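Results of the structural survey
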Amino acid sequence: SLTTMTTLHNGVQMPWVGLGVYKMEEGSGEVKDAVLSALDVGYRSIDTASFYENEEGVGAALAETSIPREELFVTTKVWNDEQGYQETLDAFERSMDKLGLDYLDLYLIHWPVPGKYKESWRALEKLYQDGKVKAIGVSNFMEHHLDDLLLEANITPMVNQVEFHPQLNLPTLRQYCQNKHIQLEAWSPLARGNYFEDETIQELAATYNKTPAQIILRWDYQHHVVTIPKSTKKHRQQENADIFDFALTTEEMARLDNLNENKRLGPHPDEFD
Ligand code: NAD
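Residues numbered from 1 in each chain as written. Predicted model: local features only at pLDDT ≥ 70, side-chain atom pairs only at ≥ 80, totals over all residues.

Moving on to the overall build of the chain. Counting secondary structure elements, the chain contains ten helices and ten strands. Relative to the 2.2 N^0.38 estimate, which gives 19 Å for 273 residues, the radius of gyration of the chain is 18 Å and therefore close to what a compact globule would have. Counting only C-alpha atoms and orienting by the principal axes, one finds that the chain spans roughly 55 × 40 × 35 Å. Taken across its 273 residues, the chain has 45% of its residues classed as buried. Looking at the chain alone, contacts between residues at least 24 apart form 75% of all its contacts between residues at least 6 apart. (Helix = DSSP H or I, 4+ residues; strand = E, 2+ residues; numbered from the N terminus. Rg over C-alpha atoms; globule rule 2.2 N^0.38 Å. Buried ≥ 20, exposed ≤ 12 C-beta atoms within 10 Å, placed from the backbone. Contact = placed C-beta atoms within 7 Å.)

Here it is in structure tokens:
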């Protein structure tokens, strides 16, 4: 169920499936409605970012729900132009004001801004040590960024959130993170809906009487990858969460793994901006 959790290396529990809210609008009430409907379906984890400009809308939903704070898992991220030590501490306060929370569950460095991300990481360590955030991590970090960060870090990131879907399954980064007990988390897990027609995925969907989205999200789970599919529609939110009543075989997992083409939808972490 949606309360099935992974345990991060500091002992904090994080749901395997959460709701991504990128591109959900705030002004129209879209993001608030989507978060409330996801919470109603059973989601407890919400992934936003200062860059999404919808933290206030997420916060409005969190203020309205009767679900106890300790059952929720809220992630936000420090954007590229907010990085640096003091800048990140300030960005965190802005995000917390918008979200209306007194602590955060997970704070991530959104992208590895060259020359800045180590200072940003020092700020995340400070926020963690001050008890303002339960877990800290990074996003869009490749092995070399992590190697570099770990040269000076006091705390190993608990999470690395990266683009991950059947066409980009990052075998070496997965192994690297597993060795260091860094929880991998998939963004654009559904490849934004662009890969549902694939033959293998269609065939497995028919085999299990599941949808292509469910096959892909189950594959994430069986790879021990946290996943945060985005949908504003309640029936799809429900569908995306309904992946805990079947299991892919080792052979089927390998067939899905073979779809890898190292194909990115988003920017390469060495070439963004
Ligand atoms: P996604 O892969 O989750 O795809 C979302 C799209 O797929 C939806 O807009 C909808 O069109 C479609 N969809 C969703 N469920 C479906 C279903 N059951 N059946 C058919 N179609 C369905 O894409 P995403 O939003 O880019 O990624 C998910 C989340 O990851 C984001 O919302 C955001 O929170 C996060 N993210 C993070 C970064 C980063 O740099 N850290 C970058 C991009 C996204």
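The rest of the description comes next.
To continue, consider unusual backbone geometry. Residue Ser188 is not a glycine yet carries a positive backbone phi of 45 degrees. Position of Ser188 relative to the elements: it lies in the loop between β9 (183-187) and α7 (199-208). C-beta crowding within 10 Å serves as the criterion here: with 21 such atoms nearby, Ser188 is assigned to the buried category. Of note, Arg192 is a non-glycine position whose phi angle comes to about 55 degrees, a positive value. Mapped onto the elements of the fold, Arg192 is located in the loop between β9 and α7. Here Arg192 falls in the partly exposed class, since 14 other C-beta atoms lie within 10 Å of it.

Close to the ligand lie 25 residues; Gly20, Tyr22, Trp187, Leu190 and Lys230 are nearest. Counting residues per element, the shell around the ligand draws most heavily on helix α9 (residues 234-241), at three residues. Here the residues of the shell around the ligand sort into nine nonpolar, eleven polar and five charged. (Near = placed C-beta within 6 Å. Nonpolar A, V, L, I, M, F, W, Y, C, P; charged D, E, K, R; others polar.)

Among the ten residues in helix α2 (residues 55-64), seven count as buried, and that is most of the element. Among the residues of α2, Glu55, Gly57, Val58, Gly59, Ala60, Ala61 and Leu62 are the ones counted as buried. Those residues of α2 that are buried are in contact with α1 (30-41), β4 (45-47), β5 (73-78) and α3 (85-99).

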